[in-house]
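# Fold and contact review
Listed below, chain by chain, are the residues.
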Amino acid sequence: MKLLKLVPEDTNIKFLRLRVPFFIFSLLLIAASWALVFINGINYGVDFAGGQEVRLTFVEQDQAPVPELREMVGGLGYGTPVVQEFGAPNAVSIRVPLPDGVEDQPGAATAIGNEVIEMIEGEYPQVRRDGNDTVSGKVAGEFRQDAVLALLAAMLAVALYIWVRFEWQFGVGALFALFHDVSVTLGMFALFQLEFSLQIIAAILAIIGYSLNDTIVVYDRIRENLKKYRKMPLPELLDLSVNETLARTVMTSLTLLVALVPLLLIGPASLFGLVAAITAGLFIGTYSSVYLAAPVLIWMGVTSNSFVPQETKEERQEKIARGEA
Amino acid sequence: MLDFPTWKKFWLWGLTFVAVLAAMPSLFAAANVEWPEALPNPQVNLGLDLAGGSHILLEADPAEVAAQRLENMEETVRGEMRRAEPRIRIGDISTSGGALSFMLDTPADIDRARGLLEPVMMGTNLVREWDLTVVDGQRMVLTPTDDGVNQAVTDAMDSATEVVRKRIDGLGTREPTIIRQGDTRIVVQVPGLQDPDQLKELLGKTAKLEFKLVDLNALPTDVQAGIVPPGTQAFPYSDETPQAGQMVAVRRLGGIRGDSLTNAQAGVNPQNNENVVNIQFDQQGASKFCTLSTENVDRPFAIILDEKVISAPNFNEPICGGSAQISGTFTAQSAADLAIALNSGALPVELTVIEERTVSAELGADSIRKGLLAMLIGSIAVVALMIATYGRFGIYATIALVFNVLIILGIMAGLNTTLTLPGIAGFVITVGAAVDANVLINERIREERKRGRRVVAAVENGYKEASRAIYDANITNFIAGVLLFLFGSGPVRGFAVVLVVGLFTSVFTALVLTRMWVAGWLRAKRPNDINV
């Protein structure tokens, strides 16, 4: 049987030749992402903003009355609701943000939620309530804090591990690549104003894990090659390492992609945000391993001596005494 | 690397067998096939987002507990001073600023007062719950200690949890989970509950029932404005009553509290078809109610529920049978709810719903169906890709993948963890990422062959050289997964559980099991060339 080879043998793409333009591009991307986050803002869902999100199915209708609902719920005076189709044309999710000034009232979210549901059920008696999330300002604040802590702790902890397992330059490189991945993911959410929920934090941590996986595979090969080819110039060695692991990179990205795409297309609507973020992260993470994590090593001064144990003065003198040097 | 003695093979297959066996009850349940009752039945729990149901997070305000405690202390102090022989006269009682202070009429009583209060200030656990200071030789100030307040909050939350449990049991819902969380929170999870409105209503009531004499001396106009003489309190009528908006003045002390009830039941008054709640007092409550009604025939008393007056009827005659009837403007539903609430006792502190998540059973079932279908299609695509790319080695990876999914299920069942909707996504990602180990190994074997190594050496080197990166990658993923579990909440934790368990099983199946199979094949066939 002839086996499939996704990457032809002896592929030798000069990835690192364009490292400077790509690095500048990446820096601009990070800057643009943060600018978007600060200018557009993140579209926080009820988990982080507080408020209420209710999912309804209009059983006897083909099409949910989205504009009517928008007007009706908006008329309650709690700000503009977000009314979106959810999974099917006759299903909607209605999100009512927490009005200003009630963050400290623990019962406010529930009270508003009850009012919204009562009104809609009064107007459309055959509506089916599929789900309901109500989060008070206090709990939302805790979620925000936990999310930031989780992301920061995860990035630092894994960078620390890589520092211990490899060298400090590799730790910095991995941390920088992760920072890039998280920034660009956040930037995408700011640009497209996708709903940012607790699930997205899970997605970002999965992206961190995946991107790191890629980075480690490349780093592991760089470490191996540094020991093997002591005289090879670093850029050439990095290119060699990236090319040697390219078949694996492509194959793994592809297996993950074919597993995710069905979930994206026919999976439950409640998972769409999570899966979409991870799918995008797949590309961002692969890119950052090749174009950020690897070239950073050049600028950080990794040499083929980085993995050779340094001799202490005493050892050196011992060697001289024994006549070995 | 390729040496597998019999005992090792025995162990590996045994381990796999046990884990797969543990997954069976869950698979049987998913396929709606009955699992024999005689066998152990470890199950993967379905999260509320898949099974349908309601998750409600309740919070108490510790300030309220402190205020309540101060009020109780005031009654205790009054009682102790009154019962003293001879009586100690006190005045100018104040509870402002979080402390209880009062003046002694005779400064000479100070040591006697101190002696009486000393046992009261010590808690049950030998923790000093109150501090006593004397100002100007005549004013005593009781300040709650931090330990005392904390103890009070803990006690209040313990009994609140018990009350919540009783109330939910009263609704007849199945298998609720009720857990204390942190210092002031209670998590309630009720699977299968579609409409949590009734539950929220019920938990939102403290159900503090009081019977107090109406103070007929207070000027009606003053009462409406909320101005009442000392020793009197004004309560508004409940919104459901025709008198809503009006206030009633009652005597602060000398009433009867709802905690002396033994039973409450919803019923209908046959004379006027009104919904009522019949209550039964305990012995002490019955005799107090008897005295109160005998001394006040033809005078009105107020029935107060949660600081709202339900009705204010007259005592028509002495009521000494120990039972009474509360009527107001109840519906059948609200009478039944009140009966449940009264039977479960009053909540010692008001609970507020600060988070609620409800998913209907239909949406949950729909999520499972769509999630499993997507996972099946994704898995088939991954398998096809692996076999097309690595041939025989791809088949080994595929079998490892099947075992991987089964073992994850088995471990989750054994640990009694919960599978949530994000957990299904976790499965899909694990399926996609688990083969990465095999990809790394197989690509390495390809490379080693290309460099001219012989078959066995290439395979051996492939596993050896690839395992370093595999371990590093899995450990870092493990770190990220554990942090997600620690900081995440609710369904997101389910995602972390699947990812973390999946990391261990992936390494086991992809690195260890496939190596055993490949080694067995190499030993049996001794191929000169391999197609990889």
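Criteria and cut-off values
- Residues numbered from 1 in each chain as written.
- Chains lettered and ligands numbered in written order.
- Predicted model: local features only at pLDDT ≥ 70, side-chain atom pairs only at ≥ 80, totals over all residues.
- Pairing = 2+ DSSP bridges.
- Helix = DSSP H or I, 4+ residues; strand = E, 2+ residues; numbered from the N terminus.
- Axes fitted to C-alpha atoms, helices over the stretch in contact; angles between N-to-C directions.
- Contact = placed C-beta atoms within 7 Å.
- Expected span 1.5 Å × (residues − 1).
- pLDDT = per-residue confidence, 0-100.

This brings us to the sheet that holds strand E2 (residues 53-60) of chain B. Read from one edge of the open sheet, 8 strands run E2(A)-E3(A)-E1(A)-E4(A)-E18(B)-E2(B)-E8(B)-E7(B), paired in antiparallel fashion. Of all strands in the sheet, those bounded by a partner on one side alone are strand E2 (82-85) of chain A together with strand E7 (177-181) of chain B. Neighbour-to-neighbour, the strand axes of the sheet open up by a mean angle of 20°, direction not taken into account. Pairing between strand E1 (residues 51-58) of chain A and strand E4 (residues 127-135) of chain A: 8 bridges, direction antiparallel. Among the inter-strand pairings, Thr 57 of chain A is bridged to a residue of E4 of chain A, identified as Arg 128 of chain A. Across the sheet, helix H6 (residues 197-204) of chain B is in contact with E2, strand E8 (185-191) and strand E18 (351-359) of chain B; its angle to E2 of chain B comes to roughly 20°.

Next up on the list: helix H10 (residues 361-390) of chain B. Between its first and last C-alpha atoms H10 of chain B spans 43 Å; for 30 residues at 1.5 Å apiece the expected length is 44 Å, and the two agree. Downstream of H10 of chain B by a residue or two, Gly 391 of chain B has a phi angle that is positive, lying close to 55°.

Let us now look at the sheet that holds strand E4 (residues 100-104) of chain B. Residue and element names in this part refer to chain B. Strand order in the open sheet formed by 4 strands is E3-E4-E6-E5, with antiparallel pairing between adjacent strands. If you trace the sheet from one side to the other, it starts and ends with strand E3 (90-94) and strand E5 (130-135), each paired once. Neighbour-to-neighbour, the strand axes of the sheet open up by a mean angle of 20°, direction not taken into account. Against the sheet, helix H4 (residues 110-121) contacts E4, E5 and strand E6 (139-144), and its axis sits at roughly 165° relative to E5.

Take the confidence of the model for chain B next. All names here are of chain B. Counting all residues, the mean pLDDT for chain B is 86, and 99% of those residues have values of 70 or more. Confidence scores differ between elements of chain B, with helix H7 (residues 220-224) showing the lowest mean pLDDT of 77 and helix H11 (residues 392-414) the highest of 92. Here the predicted complex scores 0.83 on pTM and 0.86 on ipTM.

This part covers the environment of Met 81 of chain B. Residue and element names in this part refer to chain B. Secondary-structure assignment places Met 81 in helix H3 (residues 62-83). Here the alpha-carbon distance between Met 81 and Leu 104, two residues 23 residues apart in the chain, equals 10.0 Å. Beyond its immediate sequence surroundings of up to four residues, Met 81 is in contact with Arg 87, Ile 88, Ile 90 and Ala 113.

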